[in-house]
Amino acid sequence: MKFSHLFVLLSICVMAFSSCREDVDAAALQVYDGPMNTSININLVSSDSAIIRSEIKAPKQLEFENGNLEFPEGIDITFLIKQEI
């Protein structure tokens, strides 16, 4: 009985230490710094008290991990001003 427990324990140790894991060079790993989200045909309308104040249109928007937004194909911003009569 002792021999079977010892054999099982030894077998587990041999399997654990002789796994087929490859060592990975940490310098070879690269951090992805590209966009996390891509949006197409953006149309954003901003309003205050049910009055449209601005409109943003863009054919493409890229959002990065740090929160930055990039518009590689340009952006069109229209500000609407209410005129008092």
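Treat the numbers as computed from the prediction; the structure is a model and nothing was measured.

A.B. asks: What is the right way to look at unusual backbone geometry in this model?
C.D. replies: Across the chain, the bulk of peptide bonds are trans and the bulk of non-glycine residues have phi less than zero. A positive phi angle, near 55°, is found at serine 49, a position not held by glycine. Note on placement: serine 49 falls in the loop between strand 1 (37-48) and strand 2 (51-63). Serine 49 sits in the exposed class, given a relative accessible area of 63%. Even without glycine at this site, alanine 50 takes up a positive phi of about 65°. Relative to the helices and strands, alanine 50 resides in the loop between strand 1 and strand 2. Residue classification places alanine 50 among the exposed positions, given a relative accessible area of 78%.

Rules used throughout
Residues numbered from 1 in each chain as written. Predicted model: local features only at pLDDT ≥ 70, side-chain atom pairs only at ≥ 80, totals over all residues. Heavy atoms only, no water. Helix = DSSP H or I, 4+ residues; strand = E, 2+ residues; numbered from the N terminus. Buried < 20%, exposed > 50% of the residue type's maximum accessible area, 1.4 Å probe, protein only.

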